[in-house]
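# Observations on the three-dimensional arrangement
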Amino acid sequence: MDDTKEENLVALTNKTNRLVCKDNSFPLMASPVAKARAKNLTLVGQIMVDHVINKNKVAIITQKAWSPAKGMSVKVVGENLFLFSFNDAIDKCRIKGQAPWNIDGYHLILKRVEKNQLRG
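Just so you know, the residues in each chain are numbered from 1, in the order the chain's sequence is written. With the structure being a predicted model, the display of local features is reserved for residues of pLDDT at least 70 and the display and counting of side-chain atom pairs for 80 or more, all residues being used for whole-chain, interface and lining totals. Excluding hydrogens and water, the side-chain figures rest on all heavy atoms present in the structure.

### Some points on helix α4 (residues 89-97)
Categorising residues by exposure relies on relative accessible area from a 1.4 Å probe, with only protein chains included: less than 20% of the type maximum marks a residue as buried, more than 50% marks it as exposed, and the intermediate range marks it as partly exposed. The numbering of helices and of strands both runs from the N terminus, where a helix is a DSSP run of H or I of at least 4 residues and a strand a run of E of at least 2. For α4, the set of buried residues is Asp 91, Lys 92 and Ile 95. Viewed end-on, α4 has its buried residues packed into an arc of 100°, placing them on one side of the element. In α4, the exposed positions that point more than 90 degrees away from the buried face belong to Ile 90, Cys 93 and Gly 97. Contact between two residues is taken to exist if any of their heavy atoms lie within 4.5 Å; hydrogens are not considered. Elements in contact with the buried residues of α4: α2 (32-41), β1 (42-47), α3 (55-66), β3 (81-86), β4 (101-103) and β5 (106-112). Throughout, the arc means that of the directions going from the helix axis to the C-beta atoms.

Structure, rendered in structure tokens:
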């Protein structure tokens, strides 16, 4: 790396290191598109069990059982609380309509995501 690029990199790093958020929080507002996507393409699921179920296990079991035509992702949002994001509303509706579901014999309660439910 030549000296000018390295000096620019050092200056940028120094500026970045001086950035602070004084009250340690700031609001993040979701776009209307993101809000609509959350409403139409996600479900929150709680597994009713007294020990933690591994996210990868949940993802494998639900992918196999649900076989979403256009795919889905699974995100941990709490202890045995998961966010299921679908790429197609038809998959979401079909899966919600075919409840009840279970993971390893434990009941999985599926609900739509309510406003401000997943703050973190």
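### Regarding the sheet that holds β5
In this analysis, strands are considered paired if DSSP registers two or more bridges between them. Overall, antiparallel pairing links the five strands, which are arranged β2-β3-β1-β5-β4 in an open sheet. Among the strands making up the open sheet, the edge pair consists of β2 (72-78) and β4. Ignoring which end each strand starts from, the neighbouring axes of this sheet average 35° apart. Sheet analysis places β4 next to β5, joined by three bridges and oriented antiparallel. Residue pairing in the sheet places Trp 101 in a bridge with Leu 108 of β5. Interaxial angles span 0 to 180 degrees and are taken between N-to-C directions of axes, which are lines fitted to C-alpha atoms, for helices over the stretch in contact.

### Thoughts on a negative patch on the surface
The residues that make up patches have over 30% relative accessible area and no salt bridge, and they are joined within 9 Å when like-charged or within 5 Å when they are Val, Leu, Ile, Met, Phe, Trp or Tyr. Each accessible area is a Shrake-Rupley result for a 1.4 Å probe, and residues are judged covered by the shown protein chains and nothing else. We count a salt bridge whenever a side-chain nitrogen from Lys or Arg sits within 4 Å of a carboxyl oxygen from Asp or Glu. In this charge count, Lys and Arg are treated as positive and Asp and Glu as negative; neither His nor the chain ends contribute. A charged residue contributes its charge at one atom only: NZ of Lys, CZ of Arg, CG of Asp or CD of Glu. A cluster of acidic side chains, namely Asp 2, Asp 3, Glu 6 and Glu 7, defines a negative patch on the protein surface. We classify Glu 7 as exposed; its relative accessible area is 55%.

### So, the packing of aromatic side chains
Each aromatic pair joins two rings of Phe, Tyr and Trp (for Trp, the six-membered one) with centres within 6.5 Å, and gets the label stacked for planes under 30 degrees apart, edge-to-face for over 60, and tilted for any other angle. Under the defined criterion, the tally for this structure stands at four aromatic pairs. A connected cluster of aromatic rings, assembled from ring pairs, spans Trp 66, Phe 82, Phe 84, Phe 86 and Trp 101.

### Side note on the pairing of β5
Side-chain positions along a regular strand alternate between the two faces of the sheet. The pairing of β1 with β5 spans five bridges and is classified as antiparallel. Looking across to β5, one finds that Gln 46 is bridged to Ile 109.

### As for the nonpolar core
Note on soluble globular proteins: their nonpolar side chains tend to be buried together. Counting residues in each nonpolar core, the largest one holds 17 residues, and the members touching the most others are Ile 47, Val 58, Trp 66, Phe 84, Leu 108 and Leu 110. At the level of secondary structure, the elements contributing two or more residues to this core comprise β1, α3, β2, β3, β4 and β5. For Val 58, the residues in contact, after removing those within four places along its chain, are Ile 47, Ile 53, Val 74, Phe 82, Phe 84 and Ile 103. In this text, buried Ala, Val, Leu, Ile, Met, Phe, Trp, Tyr and Cys residues form a nonpolar core when linked through side-chain atoms within 4.5 Å.

### With respect to the pattern of salt bridges
Following the criterion strictly, the structure yields two salt bridges and no others. For Lys 57, the salt bridge is made with Asp 104, and the minimal N-O distance between the two is 2.5 Å. Linking Lys 57 in helix α3 with Asp 104 in the loop between β4 and β5, this pair joins segments that are 47 residues apart in sequence. Among the salt bridges present, the one from Arg 94 reaches Asp 91, with a minimum N-O distance of 3.5 Å.

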